[in-house]
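Inside the fold
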Amino acid sequence: MNFFRGVMGGQQAGAQPSGVETIQKLCDRVASSTLLEDRRDAVRALKSLSKKYRMEVGTQAMDHLIRILQTDSSDSEILGYALDTLYNIICSDEEEEQEDAQRRQEDDIGAQFTERFIQETDNVTLLLTLLEEFDFHVRWPAVKLLTALLKSQCAQVQGIILVSPMGVSRLMDLLADSREVIRNDGLLLLQQLTKGNAAIQKIVAFENAFERLLDIITEEGTSDGGIVVEDCLLLLLNLLKNNSSNQNFFKEGSYIQRMKPWFEVGDDNSGWSAQKVTNLHLMLQLVRVMVSPVNSPGATASCQKAMFQCGLLQQLCTILMATGVPADILTETINTVSEVIRGSQVNQDYFASVNAPSNPPRPAIVVLLMSMVNERQPFVLRCAVLYCFQCFLYKNQKGQGEIVATLLPSTIDANSISAGQLLCGGLFSADSLSNWCAAVALGHALQDNLTQKEQLLRVQLATSLGKPPVSLLQQCTNILSQGSKVQTRVGLLMLLCTWISNCPIAVTHFLHNQENVPFLTAQISENLGEDERLVQGLCALLLGICIYYNDNSLENYTKEKLKQLIEKRIGKENFVEKLGFITKHELYSRAAQKPQPAFSTPEHMLFDHEFTKLVKELEGVITKAVHKSSEEEKKEEEVKKTLEQHDSIVTQYKELIREQDAQINELKEQVTSLTSQKDQMQSAITQQLSQIQQHKDQYNILKLKLGKDSGQSDGGQVNGLQLEELTLLREELEELRRQHTLLNSQLAEKDTLISSLKAEGVQSTEGSAAENAELLKELESLRVQVKTQAAEISQLQRDRQELQSRTEATAAVSAGDGDAAKVTELENRLSAQTTETHRLQEEVRTLMQSRAQMEKDLAASTSTTAILQTEKSKLQQEVSESKKEQDDLLMLLADQDQKILSLKQRLKDLGETIEDEDDLDARDQFDEDDDDEEEDDDE
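Quantities reported herein were computed from a predicted structural model and do not represent experimental measurements.

**Comments concerning the pattern of salt bridges**
- Within this structure, the stated rule accounts for 22 salt bridges.
- Linking Asp177 and Arg179 is a salt bridge whose minimum nitrogen-to-oxygen distance equals 3.0 Å.
- Residue Asp177 is classed as buried on the basis of its relative accessible area, which comes to 7%.
- Salt-bridge contacts for Glu610 lead to Lys613; the nearest nitrogen and oxygen are separated by 3.6 Å. Taken together, the residues Glu610 and Lys613, both in helix 37 (residues 609–627) and three residues apart, mark about one turn of the helix.
- Linked by salt bridges that have partners in common, Arg40, Asp41, Arg44, Asp75 and Glu77 make up one network.

**Here's the deal with the side chain of Thr114**
- Its location among the elements puts Thr114 in helix 7 (residues 103–118).
- In this structure Thr114 comes out as buried when scored by relative accessible area, which is 0%.
- There is a polar contact of 3.1 Å between the side chain of Thr114 and the side chain of Ser152.
- The contacts of Thr114, once residues within four sequence positions are left out, are Ile90, Leu149, Ser152 and Gln153.

**Quick look at the packing of helix 22 (residues 364–372) against helix 25 (residues 419–427)**
- The N-to-C vectors of helix 22 and helix 25 enclose an angle of 10 degrees; their axes lie 9 Å apart at closest approach. Classed by the angle they form, the pair helix 22 and helix 25 counts as roughly parallel. Every residue of helix 25 that contacts helix 22 at Val366, Leu369, Met370 and Met372 is listed here: Ala419, Leu422 and Leu423.
- By residue class, the composition of the contact of helix 22 with helix 25 is seven nonpolar, no polar and no charged.

**Section: the packing of aromatic side chains**
- Under the criterion given, the structure shown has twelve aromatic pairs.
- For the pair Phe308 and Tyr350, a centre-to-centre distance of 5.8 Å together with 65 degrees between the ring planes defines the contact as edge-to-face. Taken together, the residues Phe308 in helix 18 (residues 297–309) and Tyr350 in helix 21 (residues 345–353) connect sequence positions 42 residues apart.
- Under the relative-accessibility criterion, Tyr350 is labelled partly exposed at 22%.
- One aromatic cluster in this structure is built from Phe206, Phe210, Phe249, Phe250 and Tyr255.
- A cation over an aromatic ring shows up here: Lys144 above the ring of Trp140, its NZ or CZ 4.1 Å from the ring centre.
- Here Arg179 stacks its cationic end above the ring of Phe134, 3.9 Å away from the centre of that ring.

Calculation rules
Residues numbered from 1 in each chain as written. Predicted model: local features only at pLDDT ≥ 70, side-chain atom pairs only at ≥ 80, totals over all residues. Heavy atoms only, no water. Salt bridge = Lys/Arg side-chain N within 4 Å of Asp/Glu carboxyl O. Buried < 20%, exposed > 50% of the residue type's maximum accessible area, 1.4 Å probe, protein only. Helix = DSSP H or I, 4+ residues; strand = E, 2+ residues; numbered from the N terminus. Polar contact = N/O pair within 3.5 Å; in protein donor to acceptor, adjacent residues only side chain to side chain. Contact = heavy atoms within 4.5 Å. Axes fitted to C-alpha atoms, helices over the stretch in contact; angles between N-to-C directions. Parallel < 35°, antiparallel > 145°, perpendicular 65-115°, else oblique. Nonpolar A, V, L, I, M, F, W, Y, C, P; charged D, E, K, R; others polar. Phe/Tyr/Trp six-rings, centres within 6.5 Å; stacked < 30°, edge-to-face > 60°. Lys NZ or Arg CZ within 6 Å of the ring centre and 35° of its normal.

Here it is in structure tokens:
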């Protein structure tokens, strides 16, 4: 401690050391001291000098401080001093920066020290490890230091954290810290970490960041909360903006529904704090991020649907119509509602039904348009209302029709103000900004809608008393020719171009006025100033549309005559050059970037986003149309007609082919059904033919047996035939009985043979193989004989049935002749034959049972033979294995003898006396004999 008293203490004799010398001594003390207390005091002294001597401390002490973080991790106090010192080196005090005239130099110093610190990536990893320390004096300085590193060298530090294991997870744990200081600084750290890095944004989102941030916002009081709510909202904006993956995760996690309570506004909206205005402004930006036009259409549509279903759109419309809401919040709310309803039919229909709380109630659209055409309203508010109206009409033909309908004579209500009346009033007012906004809004009511373009031609305007009404189209051209302000003329020219493009009827109406074409040619051909060039370009575009969409219904203004007029009065090259002035204007590219009209001043409001698309689409085709000659146009028209005819012919052929395909399919189905019917009928005919043939055969048999003369039929002869057949049946039956007896005797012999084979066992396996084969052959012959008997028995049964049918036929013939005696005799013989037949059936059944038993015995003998063969194969395998083992043992014994001989030879070579095994055995035998003799003597 004496050292520090000398350095930091009171005055000492002699010259006082400078700051650089003091820092050098302190660094030496940190590096060389073995006591922890001395190192801690030295680091504390460096911390106190680091603000004043930032450059010196950073240059000399940074390596020592990093080593302290690595080696003295067990002492939280010295870690805290080291982290604070590093923070002061890298990030200078803000107040000092404001007072210091060399702020840029200070920033450069901080960037240099940051690069030196992160040059070793392990240093950043070490900081992430220190964040796991719960001690306040370590965790809080580590959070501040890491934030300062990210502010100074964001991309490099982000890359190190991204590849560090669990790096982002450790930072996310800061949000769960119970100490508000660490949690709030953790929010600032995550803000810096997530800037412009989509990969880190995804990791943070999947670390449950949305849930934690929304919980903090709710705990802090949502829009009424303090700076912490603002920090959470800024972090949410970083995570969601231009990150479709996180946006989808936010929507799928049902977090959009949790945004609805943010926009609950009471009746008393006076006295909003600046923090509340900031918070609500950021909340509205979050909603816009989810439904931004730059997002994919599918993602935007799903978010719009979710916002309507959860009531968020309804809540925003409530703020829109509330009183006392600050102007900037109202403007941002209008922009937010615009993007929530843009392109969504359901949301657009709901917005059309919203009414302002006035007496009588007025539609919200009307109230907003009143603000747009009111020159006393703020400029940004009027731009927001225009954007809202454009989004309401975007891809909304139903809404376009409703707006145009308010201008038609049949729907005008004198007692109420309609949207169409407000647009017409703004179109012809003295305020050029109102003229431009009304013209653009009315142009969006006609965008890509041919029906409404034609309907708007019916609109008539009463200019003054005593004069006939003029059409809206004529009134626009009249104001255009009066030479009003550039902004007004640009707005009217954009409206006219949008109106008559792709609408030949509107082109005809425009050309019908004899003054319009001379006015346009005069405007284009004049050499006017720089401000008028845009008007000239738009006039050229309007005249080009009149050429391209001209249907040649007016004789004086056909396509060819208009092109001749351009060539004579203006010149084709000059015309194309003037047309190119539009896209070369500096404000054209700015308007083409995004749909929202964002202008710094009212004078810059010259182009509409949708109109830039129209210019891009028409510029090329108009240039080609002007340069084409009449012959080329005729050729193109002929080609078009030919193509149309060709297309119509192709269409007709396609329809014919479709019809023929349908007919072919029907015919195929009919052929299939007829073929199946034919097959069925063929099978039925075949069956019927077979039945007829059977009947014919039976008839022929009866005819042969009964004789050709049925009146002289002889029953005795028929009966004689039956007796002969019975005799044959008896003889066949006796033969079958003899064969059955023979088979039984043979089967008994085989059973005896099988029994003897079983008794002989394994020893006679080899000898009985041939006998088994012979036995199998005999058994097979037995099977054949049994099958033959079965066939013969079946034949006997069929003969019996045929005999019975013949007997019945004979009885019928005999009865027909009236010979009762013969019938009686035949019946008696038939009964006897029936009895004999039953007896034969019983014997056949017995033979069948015997045959089944013989088959069973045959199967048993076959299985026994298979078992014997299996046992024989096992024994042969065991014998072969034992022979193999014996050969192996002999080989081992031969090797062993060889080794013993070699060892004996070596011992002999070494001079040892070796006795042979025979001598040793003899000696052992002699010793045993001596022992036996001694035992006998003892006895």
